[in-house]
Amino acid sequence: MTSDLLRAAHVTRRFGAFTAVDDVSMRVQPGEVAGLLGANGAGKTTLIRMLLGLIAVTSGRVELLGGPPDRERRRRLGYVPQGLGLYGDLTVRENLSFSARAYGAAAPALPPALTGYADVLVRELPLGAQRQVAFVAALAHSPEVLVLDEPTSGVDVLARAALWDTIRAQAERGAGVLVTTHYMQEAQQCDRLLLMSDGRLVGEGSEADIIGSTTAVAVSTGDWAQAFAALAAAGAPVMLAGRAIRVANADPAELARVLSAAGIEASLQPVPATIEERMLMLSRQAKAS
Amino acid sequence: MTYSVRSATVRFGRTVALDDVTVEVPAGSVVAVVGGDGAGKSTLLRALVGEVALDTGEVEAPPRQRLGYLPASSGSWAALTVTQNIDFVAGIYGLAGDELAARRAELLDRASLTPAAGRLAAQLSGGMRRKLGFIMAIVHQPALLILDEPSTGVDPVSRIDLWRLASEAAASGAAVLMSTTYLDEAERAAHLVVLDRGRVLVQGSYDQVRAGFAGAVTRADQPVRAEWAWRRGRVLHEYWPGGDPPAGTATIEPDLEDIVIALSLARRHEVPS
């Protein structure tokens, strides 16, 4: 008997000739927030949809709460899809009572921030409020597993901080959480990370485990835009962190040559690489192959 | 040339979407508008495009054929290929033949979309679709380029491509106004505007915004006043508008995210929603 709330064992999914998910094994345990990272099209949403039994696996096996992801087990799950899964033509109150009935739970009370919206049609709410409604709907039946696909995309910083408080509280009461994000600061709030690229799981563990052997060089210069353009034109894997220019897996001597050829004065310094730089190197490998 | 909205107020029924907002966008630079949904970002951008009329105030924008606009929704036709999407929009601006072919090839290359030229827009990933929308907004070399959340939901690698395209457009002389919910992107802009519920909370270069920030931000596991605290990773940050945190608390140098949250909180305490 395992305590895994979500488990994938050698799971593959093909759409015609295209392999969206390729031999992925992973799991999520009670009380942890697992962050699923990867570029657009890496296979994150397809993997989630298989874990939840919304689409079939081509091969391999998925388990939700220790068995196949059937309707009975899905009742113990909370899921906020990218599209939020709310009914735009129903009010907030109607949406919540509908989803509570579907899960066999009592309709949840509205949090203070939403009480003014109880009788407003969901499609007339701002996106941030819609996300909060989707969260309330997904949490009403105290799910044992919570799956969130880009929960904070497009949300302002205050609302984002509040949504992460909610996510943390769910893990603290023992739920297992699987969350996808493109926001690396959010990735750092997860207990464990999973990185997908081109359908495969290419890294797992802490931030340092994900970054692996990727290195980076920081470029300090007066005019960052000029240096950025020169390095990008030379084909270097350039990233930006705020206004700081960084180049992944680069040879500082080679960068110095490119910059001085463009007449740009800069100082170069090796720095620890980031998850984004690891993702950039992966996407370049995928393009080259 | 500098484009602008001045003292702009826009009401939708009883909602004030923009409240006395002035923003300037000079040719050759990128101006970033930051704020959550409902802050007024799209209304501000659409006022410059001419899709929203001001109740009061003035708009200074080029004529429509000198303006490029990427709306927050996809901005391309799902049932057309990448090439067909670009050619259709280019045709509207009178671009055809060899000139169009050369421009299309150049833009596809700069956006790393050349291998996807024959693909239906419906089959593109989110990041690729935003880059296609960007190409369509810029194909006619507009004087003013307006991008509504080009990077929301886009992965970090494609986001850098989009940023490179925007800064190249500015470097070749366009005035670029983009909205974003990512504060690290706003830091890069020559000028950033923080909108909150229709009003400008603060604007200026990143250095000006930082220098003008009053008060102190502290870091702790437990906040002293929960209503002034927010989560940053595993710890909480807390704002002291008067710059008077209790002795012994760890004061930190706030980044743009801290500054935006602190100013938003201060406004919430001043003007409850």
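Every residue gets a number counted from 1 within its own chain, in the order that chain's sequence is written. Lettering of chains starts at A and numbering of ligands starts at 1, both following the order in which they are written. The predicted nature of this model means local features are confined to residues of pLDDT at least 70 and side-chain atom pairs, given and counted, to a pLDDT of 80 or more, with totals for whole chains, interfaces and linings taken over all residues.

1. As for the overall build of chain B
In this description a helix means any DSSP run of H or I spanning at least four residues, a strand means any run of E spanning at least two, and both kinds are numbered starting from the N terminus. Assigned secondary structure in chain B consists of 8 helices and 13 strands. Expected size for 273 residues packed as a compact globule is a radius of gyration near 19 Å; at 21 Å, chain B falls within 12% of this value. Seen along its three principal axes, the alpha-carbon backbone of chain B occupies a region of about 70 × 40 × 30 Å. Remark: C-beta atoms are placed from the backbone, and a residue is labelled buried if 20 or more other C-beta atoms sit within 10 Å of its own, exposed if 12 or fewer do, or partly exposed between those counts. Buried residues in chain B amount to 48% of all 273 residues. Note that contacts rest on C-beta atoms placed from the backbone: two residues are in contact if these are within 7 Å. Taking the contacts inside chain B whose residues are at least 6 apart along the sequence as the reference set, 68% of them involve residues at least 24 apart. We take the radius of gyration over the C-alpha atoms and set the globule estimate at 2.2 Å times the residue count to the 0.38 power.

2. Comments concerning the overall build of chain A
For chain A, the count of helices and strands is 10 helices and 13 strands. Taken along its principal axes, the extent of the C-alpha atoms in chain A is 70 × 45 × 35 Å. Per-residue burial over chain A gives 45% buried out of 289 residues. Taking contacts inside chain A between residues at least 6 apart in sequence as the whole, the part at least 24 apart equals 70%.

3. With respect to the sheet that holds strand β6 (residues 144-147) of chain B
Residues and elements named next belong to chain B. Note on pairing: two strands pair once DSSP finds at least 2 bridges between them. Taken in spatial order, the 6 strands of this open sheet run β5-β6-β7-β3-β8-β9, and their pairing is mixed. Taken across any chain shown, the strands that pair with only one partner, and hence form the sheet edges, are β5 (67-70) and β9 (199-204). Taken over all neighbouring pairs, the strand axes of this sheet differ in orientation by 15 degrees on average, direction set aside. Helix axes use the C-alpha atoms of the stretch in contact, all axes being lines fitted to C-alpha atoms, and the angles between their N-to-C directions lie in the range 0 to 180 degrees. This element, helix α5 (residues 156-171), spans β3 (30-34), β6 and β7 (175-180) of the sheet and lies at about 155 degrees to β7.

4. Thoughts on α5(B)
Residues and elements named next belong to chain B. For α5, built from 16 residues, the straight-helix expectation of 22 Å at 1.5 Å per residue is met to within 8% by its first-to-last C-alpha distance of 22 Å. Burial within α5 is extensive, with 14 of its 16 residues counted as buried. Positive phi shows up at Gly173, right after α5, with a value of about 110 degrees. Working rule for helices: expected span equals 1.5 Å times residues minus one.

5. Some remarks on the environment of B:Asp55
Residue and element names in this part refer to chain B. Looking at the element boundaries, Asp55 is found in the loop between α1 (41-49) and β4 (56-60). Since 13 C-beta atoms lie within 10 Å of it, Asp55 is described here as partly exposed. For the pair Asp55 and Leu44, spaced 11 residues apart in sequence, the C-alpha separation works out to 13 Å.

6. Considerations on the packing of helix α5 (residues 157-172) of chain A against helix α8 (residues 256-270) of chain B
In the contact formed by α5(A) and α8(B), the axes pass within 9 Å of each other and the chain directions differ by 95 degrees. By the angle between their axes, α5(A) is roughly perpendicular relative to α8(B). Residues A:Val157, A:Leu158 and A:Ala161 of α5(A) touch α8(B), and the partners they reach there are B:Glu257, B:Val260, B:Ile261 and B:Ser264. All residues other than Ala, Val, Leu, Ile, Met, Phe, Trp, Tyr, Cys, Pro, Asp, Glu, Lys and Arg, Gly among them, are scored as polar; the first ten of these are nonpolar and the last four charged. When grouped by side-chain class, the residues that make up the contact of α5(A) with α8(B) number 5 nonpolar, 1 polar and 1 charged. Our angle categories are set so that under 35 degrees counts as roughly parallel, over 145 as roughly antiparallel, 65 to 115 as roughly perpendicular, and the remainder as oblique.

7. Here's the deal with the pairing of strand β6 (residues 145-149) of chain A
All names here are of chain A. Within β6, 5 of the 5 residues are buried, which leaves it mostly tucked inside the rest of the structure. The alternating pattern of β6 places Val145, Val147 and Asp149 on one face and Leu146 and Leu148 on the opposite face, and all of these are buried. Here 4 bridges tie strand β5 (residues 77-80) to β6, and the two strands are oriented parallel to one another. Counterpart to Gly78 in the pairing with β6 is Leu146. Relative to strand β7 (residues 176-180), β6 runs parallel, the two being bridged by 5 bridges. Bridging across to β7, Leu146 finds its partner in Val177. The β-α-β motif built from β6, the intervening α5 and the parallel element β7 has right-handed crossover chirality. The handedness rule is simple: strands pointing away from the viewer, and a clockwise path from the first strand over the helix to the second, make the crossover right-handed.

8. Observations regarding the interface of chain B and chain A
With 35 residues of chain B in contact, the opposing surface of chain A contributes 34 residues. Only α4 (126-138), α5, α6 (183-188), β11 (229-232) and α8 of chain B provide two or more residues apiece to the side of chain B that touches chain A. No other element matches the 9 residues that α5(B) contributes to the side of chain B that touches chain A. Partitioned by chemical class, the residues of the side of chain B that touches chain A number 11 nonpolar, 13 polar and 11 charged.

9. Remarks on the nonpolar core
By size, the foremost hydrophobic cluster in this structure holds 169 residues, and its most contacted members are A:Val247, B:Val34, B:Ala166, B:Val176 and B:Leu177. Here the element with the most residues in this core is α5(B); it accounts for 8 residues. When sequence neighbours within four positions are dropped, the list of residues in contact with B:Leu177 reads B:Val25, B:Val31, B:Val33, B:Leu45, B:Leu48 and B:Ile146. Note on terminology: a nonpolar core is a set of buried residues of type Ala, Val, Leu, Ile, Met, Phe, Trp, Tyr or Cys, with members joined through C-beta atoms within 7 Å.

10. Some thoughts on unusual backbone geometry
Although it is not a glycine, A:Asp23 adopts a positive phi angle of roughly 55 degrees. As for its position among the elements, A:Asp23 is in strand β2 (residues 18-28). In the Ramachandran plot, B:Arg197 falls in the positive-phi region, its phi being about 45 degrees despite a non-glycine side chain. With respect to the helices and strands, B:Arg197 occurs in the loop between β8 (191-196) and β9. Looking at B:Arg197, the number of C-beta atoms within 10 Å reads 19, which means it is partly exposed.

11. Here's the deal with the environment of A:Ala109
Summarising the element assignment, A:Ala109 is placed in the loop between α3 (92-102) and α4 (127-139). In this structure the C-alpha to C-alpha distance between A:Ala109 and A:Val258, which are 149 residues apart in sequence, comes to 61 Å.

12. Notes on the sheet that holds strand β10 (residues 216-220) of chain B
The strands making up a sheet associate through backbone hydrogen bonding, with each pair oriented either parallel or antiparallel. Residue and element names in this part refer to chain B. The 4 strands are arranged β11-β12-β10-β13 in an open sheet whose pairing can be described as antiparallel. Strands at the two margins of the open sheet, each flanked by one partner only, are β11 and β13 (250-252). In this sheet, neighbouring strand axes are inclined to one another by 40 degrees on average, regardless of whether the strands run parallel or antiparallel. Against the sheet, α8 touches β10, β11 and β12 (235-240), its axis set at about 55 degrees to β12.

13. What about α5(A)?
In this model α5(A) runs 23 Å from its N-terminal to its C-terminal C-alpha over 16 residues, within 8% of the 22 Å that 1.5 Å per residue would give. A:Gly174 lies just past α5(A) and shows a positive phi near 110 degrees.

14. Concerning the pairing of β7(B)
Residues and elements named next belong to chain B. In terms of residue burial, β7 counts as a mostly covered element, since 6 of its 6 residues are buried. Both faces of β7 are covered, namely the face carrying Ala175, Leu177 and Ser179 and the face carrying Val176, Met178 and Thr180. Sheet topology note: the β3/β7 ladder contains 5 bridges and is parallel. Pairing of Val30 across the sheet is with Val176, part of β7. Two elements, β6 and β7, share 4 bridges in a ladder whose sense is parallel. From the neighbouring strand, Leu144 faces β7, where its bridge partner is Ala175. Since β6 and β7 lie parallel, the crossover through α5 that links them has a hand, and here it is right-handed.

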